[in-house]
Protein chains: 2
Amino acid sequence: MAVVGVMRIFVFFLTFYISLYCANSAATDIELDAKAQFTHRIDSLNLLLYTFLLILTVLTIWLFKHRRFRFLHETGLAVIYGLIVGALIRYAGSKTPVLHMSVTPEKDSKYNLSLPPDTLWLRFPNRGSNPPLPNKTYAYAFREEIVDIEDNEMDLKATFDPEIFFNIILPPIIFHAGYSLKRKYFFRNLGAILTYALIGTTISSFVVGALMYGFIHQMPNLKGSFTFLDTLYFGALISSTDPLTILAIFNDLHVDVNLYALVFGESVLNDAVAIVLSGSIQNYGERYQSGTGGFETQAFFRALGDFFGIFTLSLLIGALMGCITAILTKFTHVRDFPLLESALFVLMSYSTFLIAEASELTGVVAVLFCGICQAHYTYNNLSADSRSRTKKLFELLNFLAENFIFSYIGVSMFTFPKHHFDPGFIFAGFFCAMLGRAVNIYPLSFLLNLGRKPKIPLNFQHMLFFAGLRGAMSFALAIRNTVSDARQAMLTTTSLIVIVTVIVQGGATMQLLTWFKIPVGVEEEVEMLPYAGVRSVYSSMGTTDVEMAEPSRESGGGSRLNDKAWLARIWADFDVKYMKPFLTHARPTLLETLPVCCNPIARILTTTEQMTQDNRSRSQLDSDSDLCIEENELSYGDQRRTSVQRSDSLIASGDLGLGNRLMDTRVRVPGPGGKDI
Amino acid sequence: MAVVGVMRIFVFFLTFYISLYCANSAATDIELDAKAQFTHRIDSLNLLLYTFLLILTVLTIWLFKHRRFRFLHETGLAVIYGLIVGALIRYAGSKTPVLHMSVTPEKDSKYNLSLPPDTLWLRFPNRGSNPPLPNKTYAYAFREEIVDIEDNEMDLKATFDPEIFFNIILPPIIFHAGYSLKRKYFFRNLGAILTYALIGTTISSFVVGALMYGFIHQMPNLKGSFTFLDTLYFGALISSTDPLTILAIFNDLHVDVNLYALVFGESVLNDAVAIVLSGSIQNYGERYQSGTGGFETQAFFRALGDFFGIFTLSLLIGALMGCITAILTKFTHVRDFPLLESALFVLMSYSTFLIAEASELTGVVAVLFCGICQAHYTYNNLSADSRSRTKKLFELLNFLAENFIFSYIGVSMFTFPKHHFDPGFIFAGFFCAMLGRAVNIYPLSFLLNLGRKPKIPLNFQHMLFFAGLRGAMSFALAIRNTVSDARQAMLTTTSLIVIVTVIVQGGATMQLLTWFKIPVGVEEEVEMLPYAGVRSVYSSMGTTDVEMAEPSRESGGGSRLNDKAWLARIWADFDVKYMKPFLTHARPTLLETLPVCCNPIARILTTTEQMTQDNRSRSQLDSDSDLCIEENELSYGDQRRTSVQRSDSLIASGDLGLGNRLMDTRVRVPGPGGKDI
């Protein structure tokens, strides 16, 4: 009932909104101030439109969750509502008449630079026109270069500057991904995740780029407007995945944590790879624009250097800022004032993004690794108040930002003026995106399985392939630059791929889980990959803190991970021995781990809290166990209970065809130390 | 130590920042893309500057709080840091060379409207210049009208569009003020608060306006540039107060809750009055610009109608949206999914602002009353998770927004290009602001005391007078329009008044409390005004829920409030009988309060939760008691304990000269139902 009420209000405002646009056409003689006020009203209405779309999405998704209808995720719903409203605005509203004028420099202008001026001052000459032109000077600010005058109506209904996606919408999403990462499982699968994200995304980019270039050469109408760099850019942007919908379902159904870690970890990192890769491609293009798309070896290696340099430096800045925050929260008593502490946390994290952007690095990448470090170190030093405050803050920001961007994708499909629908390119785009994903997953999984002891089974590979939904990052990269026809065709195709994958692949996830016989309802302690054997040892040791125990695994013997995770192990060892004692209140202290000669320094770097800590509180201090359950705990409150009920009912109806195996896991009695959350 | 480290980093970035500005002067031949990237870097650096200022403020204020140094509030500190950094940028950095060009319409232009065009397309004619001018078309967007060409360098270092204050910074501050209002004490002093805020602010505006006009007529250099409307606008904007610093100290020292309510309530409402009043004055000016400042009766009454119309409608929209949120959260089970619920809450609150702005009303006023309604009704329906999440979210946003605006006031004092320092105007401004405040408080207090039983003692009146710090709202109104010389002089004066009052009056608060013999260390249950008698009856009745019991006060007899608070009483009665049962899960239900004939409707509007609620949980559901302690509970964690210790030490050293009275209140044994938090 209430939902219907809101819908009515919404329709009312939509009508109001449209009528306002229409009203504008009669309003050519109002004064300047009134005009400014009008512009402000339009801006407010644009924002209001999205706010209402989000309210509608929230209410509908609540209804779906309430009725246990799981085929549509909130982002899918946001896209659909966006499409509907976008179409309404497009076809119901009249065009906003933007008044424009062509101007030339004044006769005695001394301007002689090749750059366009930043500002123009418009003065009207005293010609006898009727009505007389105003005897005033107006200032204008530079906006863009116009390539295609015919097409440029600047009809910016319900659209925003594309840069806001990079500077406002993406950072909280990416930070939250890092901050809420289930690091235990992430690091356990680090090798596979890095392979897919770094190598896989690069392969996929080049394969898509090359294939698209080939396709386009078969299409006479497109041939001229695309260079190889253009298609490569498309390859890079379409290779970043965003499997939100699938992860939400994984989470609800308790799909195997390692599969979850693979899908989530890869999607987080390939966003970072895609943005840096596309940046390098663009830089390459700007520096060595040869027009023919010719290849220069030196330039190529420079671009490669760019790629690794920017990625590594961004990563380091992010990690460094995370560590500085950890030091600030450890060595000051700012946690006595949780509000100050939370503010410090937010400000430090945001400044990471800004520092990276100001240094011509990639803020998104920096913020991702800052988030991971904040979760790994700083989180442990925070007061309880700040922990919950920051978690909940970023969760909420992430939710709003994600749904906003998907609404925007829907609305902009109709209202963004720079779309270029080309059926050939769209078809090729869909095909190549699919193929690129396959080329990433299957060959690399094969190679990984050669060296990897707990192999990635084929059904997991299929699921990884299908988890290749495209989302926020692809769209943000596509809409960033829409100057040329080629770029506009890319934007259209990317938008369509995002919409279709989110709705179709997202909606099919439940079905696919059944088809691929992916085990659901798996408790965290019982994984399907053979790690379980190793873990149960630690479980029965009465500690839930597996990562802490990891370094001793070697000496404990019987570990099947030794031959693979050596890098992760060295890092974990270093982390537990030096980083955590230095940056957090964790035991052992540096006094215990550093050689005796360093005692004075160790003394300074060890806090009283650290010294007086008993062993019992150690696992409580370590955030990993916290963070591993965070998503379940926070995302949708007491949904865990209902989702267990749901999977019960699924088993009863047998529609997942997993009866036996599932039952096995569900009758398990938790070990003495195993948390049965 | 860590603070020193951060300072070093800060200095490093400042140097970097300045050097970047200098570097710009040699960068005239880089390409367009590089230029865009450079602009982006500058934008990032500008934001980074403020982020670092805020980090520095947070760390320093922590140090102050840690060392119990209470003469400087965080906002005062933010202003001081802002001033230092602003001066550094101004005198160390070189001027950013903005490239500008004067243009005229193309010869065959058919543009014949009196309005300036929205966009310009700049094309260079093919004249033989060296280097050749680019053969491209550039788009420019309208920015402003230029009045004084000499002065217009558009040197926008470290400055932002003034509109962001109204659309981004003020809404969360004002919403938080409404959401965290101690409503119990607010409503009890409603009469006095409304008198000060509505009548007092209006009187003050007109007195300041008239006086300033008189002053200016004595100053030959200013005489020509100010109309009476200009000075009246100044009167309106300088009449809004922002006693953050003083409230923080009141809170720390547990100053009498009614004095707190008077100061806080007045400052919240006079912001709303000032913004609407200044809007009406501006509208009046635009509509009836007679140049001479002449007076038109009809126009005046129309402006008066404007004022009340806009204020009332904004209030109603805010209240309505609050009630809709309450209904949505009551009748749906969205609270099963706290994240969705919090998102809904935030979106509804934000849309209130946008709806009001889009309807040409005042978003700030709407958001204030929305906040009050959200706290009064919706808060009761929220899940525990959402309660804490929304409280903490807005608390954090408020903190960041407040400190940002005060940093900005400091920095912009040096970097904002449109300042006009006129010693005469500044002196007159300070004098009139002080006098305006006195004219608000003393005569109205005298009148109020005639009818009011618990009189407002003279020392409270002095404190109210000194609590007239100016802040965010005055500054935002002053910087909104800086086209004319008059407006620029107003901005400069307002900035200076804000800075001086925040630092000097804020710093003197402790001293003033001693001088005025204002009781500190007062527990909420023991107020200095004679309400205490009434309240203790309810305390001993074993209920902490005074507001719920209020309607029965009349029949209970012995109430000294009867002769004054009749309006508040009628409202409270209606609220408890109809509004709360309708909008929240509170008892009594509508089934009990509505006449029998309305039973079917009442049935629909009563939820199962409401029916099954026992009386015990009633007071828990009612948010008032929660919200009354909210600030103490949340603001600075376990500071309450330390502040009690502090006031203990204050008593010991006797420097507040209140020994006896204070001791009386502190030895009090809490009644059976009295919370001794």
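You'll find chain A entered in an unreviewed UniProt entry as Sodium/hydrogen exchanger, with Cryptotermes secundus given as the organism. Per its UniProt entry, chain A bears the Sequence similarities (unreviewed entry) comment "Belongs to the monovalent cation:proton antiporter 1 (CPA1) transporter (TC 2.A.36) family."

J.: Looking at this model, I keep getting lost on the packing of aromatic side chains. Mind explaining?
T.: Remark: the centre distance and the inter-plane angle together describe each pair of aromatic rings, the angle taken between the planes. Applying the stated criterion across every chain yields a total of 66 aromatic pairs over all chains. Measuring from centroid to centroid gives 5.4 Å for Phe 186 of chain B and Phe 187 of chain B, while their planes differ by 80°, and the two rings are edge-to-face. Overall, the relative accessible area of 6% leaves Phe 186 of chain B in the buried class. Among the aromatic residues, those joined into a ring-pair cluster are Tyr 50, Phe 160, Phe 165, Phe 404, Tyr 408 and Phe 475 of chain A. When the ring centre of Phe 166 of chain A is taken as reference, the NZ or CZ atom of Arg 480 of chain A above it lies at 3.8 Å. Seen from the ring of Tyr 233 of chain B, Arg 487 of chain B lies directly overhead, with NZ or CZ sitting 4.3 Å from the centre.

J.: Explanation requested: the nonpolar core in the structure shown.
T.: Side chains of nonpolar character tend, in soluble globular proteins, to be buried together. Counting residues in each nonpolar core, the largest one holds 312 residues, and the members touching the most others are Phe 250 of chain A together with Phe 250 of chain B. Counting 12 residues, the second largest nonpolar core, distinct from the first, contains Tyr 138 of chain A together with Val 103, Leu 122 and Tyr 140 of chain B.

J.: Would you mind going over the domain arrangement of chain A with me for this structure?
T.: Residues and elements named next belong to chain A. Segmenting chain A into domains produces domain 1 (189-516) and domain 2 (566-611). Averaged C-alpha coordinates put domain 1 and domain 2 at centres separated by 34 Å. Of the residues lining the interface, 11 residues belong to domain 1; the matching set on domain 2 comes to 14 residues. For the pair domain 1 and domain 2, the two sides together bury roughly 1100 Å², of which 60% comes from carbon and sulfur. Together, Lys 330, Phe 331 and Tyr 377 form the three largest contributors to the area buried by domain 1 at its contact with domain 2, with a combined 51%. Across the contact surface, domain 1 and domain 2 share 0 salt bridges. Our enumeration of links across domain 1 and domain 2 arrives at 8 residue pairs in polar contact (both at pLDDT 80 or more). Elements with a minimum of two residues in the side of domain 1 that touches domain 2: α11 (297-331) and α13 (363-381). Considering every element that reaches the side of domain 1 that touches domain 2, the biggest residue donor is α11, with 5 residues. Of the residues belonging to the side of domain 1 that touches domain 2, the class tally is 5 nonpolar, 4 polar and 2 charged.

Cut-off values and rules
Residues numbered from 1 in each chain as written. Chains lettered and ligands numbered in written order. Predicted model: local features only at pLDDT ≥ 70, side-chain atom pairs only at ≥ 80, totals over all residues. Heavy atoms only, no water. UniProt positions renumbered as here; feature names shortened; annotations may be inferred. Phe/Tyr/Trp six-rings, centres within 6.5 Å; stacked < 30°, edge-to-face > 60°. Buried < 20%, exposed > 50% of the residue type's maximum accessible area, 1.4 Å probe, protein only. Lys NZ or Arg CZ within 6 Å of the ring centre and 35° of its normal. Core = buried A, V, L, I, M, F, W, Y, C linked by side-chain atoms within 4.5 Å. Domains from an automatic or database assignment. Contact = heavy atoms within 4.5 Å. Buried area = accessible area lost by both parts, 1.4 Å probe. Salt bridge = Lys/Arg side-chain N within 4 Å of Asp/Glu carboxyl O. Polar contact = N/O pair within 3.5 Å; in protein donor to acceptor, adjacent residues only side chain to side chain. Helix = DSSP H or I, 4+ residues; strand = E, 2+ residues; numbered from the N terminus. Nonpolar A, V, L, I, M, F, W, Y, C, P; charged D, E, K, R; others polar.

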